[in-house]
Amino acid sequence: MAFLKGDTKGDDREITEAVLGLRKRLISEFTAAYIASVPKIVWKTSSTYQCLIRRTLEAVDGMRAAWNAGNLLTAATMARSLVEIGAIVRQLTDSIKTAAEEKDLDAIDKAVMNVGFGTRIKDLYEDEIAKGEYKAQNILTIIDKMDKKMFQDEKPRLRDTYDLLSEFVHPNSFGILGLYSDNFSGEFRIEFGRTARKKETLLPFLRVTLGMAWLVEIAANDIEKLIPAITEFVPQ
């Protein structure tokens, strides 16, 4: 069954299962009783992943709704956001795994805080950013790292996808003339608003980004399994 309307080439059962798995992880609240019952780093970590899961689902839902409505700009924007989310989640999860193996509480806390509070707006955390804390890392660097870890040949598959989608998202040639017009130079005419051909161009790249939902589900599962081990060596 295709996840995106009109996609006749893909069987997206794994993606659908991943999205359903993420929805099952959604909770509405960390109660005061829960926060009091576990170490601080546990609820901080779990809270961050709860937000990352929600962001993933909003991007997936937004991309699908926009695609089905023929709104290709929004679909490309949400697909691009999915790559960013996947890269952040992969880096955070790898950092927590390494720190947990070394029983390094400070490293876990730093990784979680840098994701949860990372920003490029200096006025928000002027003192912390001056010390190298809470400064959001360049997303392209994080995407490049994910590419190298996921593919042994180190070809920039996700980075290439991200860059292509960025051309549609930004008001460049692809994002203006490319999305909204077709030039028939031999016939001396231009047509506007034909989305069928544009969808054929974008669809393979959107398929790639849907894999980020699967990646986030795996990461959430990995962190869930790590929580008991972290609880053992971290004081409340």
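Residues numbered from 1 in each chain as written. Predicted model: local features only at pLDDT ≥ 70, side-chain atom pairs only at ≥ 80, totals over all residues. Heavy atoms only, no water.

Q: I would appreciate a short explanation of the environment of I108 in the present structure.
A: In this fold, I108 is placed in helix α5 (residues 105-117). A relative accessible area of 0% places I108 in the buried class. C-alpha separation for the pair I108 and I96, spaced 12 residues apart in sequence, amounts to 5.3 Å. With residues up to four places along the chain from it excluded, the contact list for I108 reads I41, T45, I96, A99, A100, I230 and F233. (Helix = DSSP H or I, 4+ residues; strand = E, 2+ residues; numbered from the N terminus. Buried < 20%, exposed > 50% of the residue type's maximum accessible area, 1.4 Å probe, protein only. Contact = heavy atoms within 4.5 Å.)

Q: Would you mind showing me how to read the pairing of strand β2 (residues 189-192) here?
A: Residues in a regular strand point their side chains to alternate faces of the sheet. As judged from the four bridges shared by strand β1 (residues 181-184) and β2, these two strands associate in the antiparallel manner. When the sheet's bridge partners are listed, S181 is paired in β2 with F192. Two successive antiparallel strands, β1 and β2, enclose a turn made up of four residues, where F188 displays a positive phi of approximately 55°. (Pairing = 2+ DSSP bridges.)

Q: Teacher, can you tell me more about the packing of helix α3 (residues 40-69) against helix α4 (residues 72-101) here?
A: In helix packing, the relevant descriptors are the interaxial angle and the interaxial distance, both defined with respect to the helix axes. Contact geometry for α3 and α4: axes closest at 8 Å, N-to-C directions at 155°. One element, α3, and the other, α4, form an angle in the roughly antiparallel class. Classified by chirality, the crossing of α4 by α3 is left-handed. Residue composition of the contact of α3 with α4, by class: 17 nonpolar, seven polar and two charged. (Axes fitted to C-alpha atoms, helices over the stretch in contact; angles between N-to-C directions. Parallel < 35°, antiparallel > 145°, perpendicular 65-115°, else oblique. Left-handed = near helix turned anticlockwise from the far one by under 90°. Nonpolar A, V, L, I, M, F, W, Y, C, P; charged D, E, K, R; others polar.)

Q: Would you explain the pattern of salt bridges in this entry?
A: Think of it this way: side chains of opposite charge can pair up when their charged atoms draw near. If you walk through the whole model with that rule in mind, you get 14 salt bridges. Ionic pairing is found between E224 and R25, a salt bridge with its closest N-O pair at 2.7 Å. With E224 in helix α10 (residues 196-233) and R25 in the loop between α1 (13-24) and α2 (32-37), this pair connects stretches of sequence that are 199 residues apart. Put simply, K97 and D222 hold a salt bridge, and the shortest N to O gap is 3.0 Å. Taken as a pair, K97 in helix α4 and D222 in helix α10 lie far apart in primary sequence, 125 residues in all. The exposure class assigned to D222 is partly exposed, which follows from its relative accessible area of 21%. Three or more residues are tied together by salt bridges with common partners; here these are R25, E217 and E224. (Salt bridge = Lys/Arg side-chain N within 4 Å of Asp/Glu carboxyl O.)

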